[in-house]
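Analysis of the macromolecular model
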Amino acid sequence: MRTSWDHGLNRPTSSGPPGVTSSRIALATAGFCAAGTSVYPYGLLSLINARAIARAVPIVALLALSCAALIAFPDRPTASSEGIQFTDVTKKSGLNFQQSYGDRHLDNIVEGSGTGVCVFDYNNDGFMDVYFPNGKWTEGLSDDDSRDLRGKLTNHLFRNNGDGTFTDVTVEAGLGGSRYSVGCAAADYDNDGNVDLLVLNYGQNELFHNDGNGRFTEVSTKAGLTGASFSLSAVWYDYNNDGYLDLFIGNYVKYDKTKAVGFDPAAGYPGPLSYVGQPNLLYRNNGDGTFTDVTREMGLWKPDGRSMSVTAADFHNDGRLELLSTNDAMANYFFEMDSRGVYQERAIEINLAYGANGENVALPRHPQAGCCITPRTGCGPR
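Described in the following lines is the structure provided in the data block. (Residues numbered from 1 in each chain as written. Predicted model: local features only at pLDDT ≥ 70, side-chain atom pairs only at ≥ 80, totals over all residues. Heavy atoms only, no water.)

1. Let's talk about the overall build of the chain
Filter applied, for reference: For the purposes of this entry, the term helix denotes a DSSP run of H or I that reaches at least four residues, the term strand denotes a run of E that reaches at least two, and both are numbered from the N terminus. Summary of the burial criterion: residues with accessible area below 20% of their type's maximum are buried, those above 50% are exposed, and those between are partly exposed, where the area comes from a 1.4 Å probe applied to protein chains only.
Within the chain, the regular secondary structure consists of four helices and 24 strands. Within the chain, buried positions represent 54% of all 382 residues.

This is how it looks when you write it as structure tokens:
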């Protein structure tokens, strides 16, 4: 299932079999990308909500693929003049995952948002493992006639066996998840040498601490990440240069099931403008395993945003990281840090607010597609 928005009609257009969507993957790295090296501390690969990615900044996407190739195949020779060739080895590899939206009928904007994937080395064996978020039957979201799917769908972690195959280790790792999951972002937020995992959900997000023994512990409440929103994207980065990765989360809309009552299936379910937007949130890492919401004091409070993808990068090469939030059916946000250390929104000034023709649509760039920055960003995906 592939879903795209007809922004003129504020509705989705779809194609593909009902109930199941193919996983769409964008790779990004937040460490050093160099042949013969693996990802350095804070390095990761992840993805969050691919629907916001198709048309924006092609060079960034190319960089993402280049970085991913260097990490996955560091010793391979360069491509011949005939170009790079790919072979589908999904079945052979054992990555037998099929994404679901937790329902038998795709009839709301949450189910139509799709999911992402994270590629990261959870067990420090030098091989990249794969984590797939998944939809789940959810009260107040899914149809009652699909209630038999309740409790039958989970997220999945596949361990890289180092021989081109993968093993599903979801249960032993404790990463099945308990909510409707959309995306993820991986980073070592507590500097213990193990990559942790943030899972982005409809509802409260889940933060899984990597215990270093092949298992994860869910610590979102303990860490102070208790806000219940509809999060599509996130980026780990160190905004205050204190050596700990902070967290910027892109939130979408406040879904209201009553908006979809009586909609015409032929016209498509209500789109993003039918719902109230939600603010993105910046959490400062306190260095003790907890986080503090500093969104307002850092100048990032925008209560009516509809973010589909966020990323952090030093766009001006001045040593400070800017933030980009690509929003759905409205102007994008671009935040620069001023001399006081507070962010200022400048998307219109630098021509990043709208598309090439001034349309109010999200720049389709993956949240972290193609970030080859520095170890102080945990650029995930999306």
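Having seen it, we continue.
2. Brief notes about the pairing of strand β14 (residues 228-237)
In the case of a regular strand, side chains alternate between the two sheet surfaces. Note the threshold: For two strands to count as paired, DSSP must find a minimum of two bridges between them.
By the criterion of burial, β14 is predominantly enclosed, with nine of the ten residues buried. The pairing of strand β11 (residues 196-204) with β14 spans three bridges and is classified as antiparallel. Looking at β14, one finds that G203 is bridged to S229. The sheet contact formed by β14 and strand β15 (residues 246-251) spans six bridges and is antiparallel. Note on β15: the bridge partner recorded for V235 is F248.

3. Observations concerning the state of the cysteines
Let me state the cut-off plainly: Defined by distance alone, a disulfide is two cysteine sulfur atoms within 2.5 Å.
Tallied over the full model, the rule gives one disulfide. Disulfide partner of C118: C184, at an S-S distance of 2.4 Å. Where C118 bonds to C184 through sulfur, the torsion about that S-S bond is close to 135 degrees, and the disulfide is right-handed. Of this pair, C118 sits in strand β6 (residues 118-120) while C184 is found in strand β10 (residues 180-187), placing the two residues 66 residues apart along the sequence. C118 sits in the buried class, given a relative accessible area of 0%.

4. Let's talk about the packing of aromatic side chains
Rule in force here: Pairs were defined over the aromatic rings of Phe, Tyr and Trp, the Trp ring being its six-membered one, requiring ring centres within 6.5 Å. Orientation was assigned from the angle between planes: stacked under 30 degrees, edge-to-face over 60, tilted for the rest. Here, a charge over a ring is recorded when the distance from Lys NZ or Arg CZ to the ring centre is within 6 Å and its angle to the ring normal is within 35 degrees.
Within this structure, the stated rule accounts for 13 aromatic pairs. Measuring from ring centre to ring centre gives 6.2 Å for Y202 and Y255, while their planes differ by 75 degrees; the resulting arrangement is edge-to-face. Taken as a pair, Y202 in strand β11 and Y255 in the loop between β16 (253-254) and β17 (276-277) lie far apart in primary sequence, 53 residues in all. An aromatic cluster of three or more residues is present, and its members are Y202, F230, Y252, Y255 and Y275. Here the guanidinium or amino end of R296 rests over the ring plane of W301, the centre of that ring lying 3.8 Å away. A cation sits over an aromatic face here: K302 above Y333, 5.8 Å from the ring centre.

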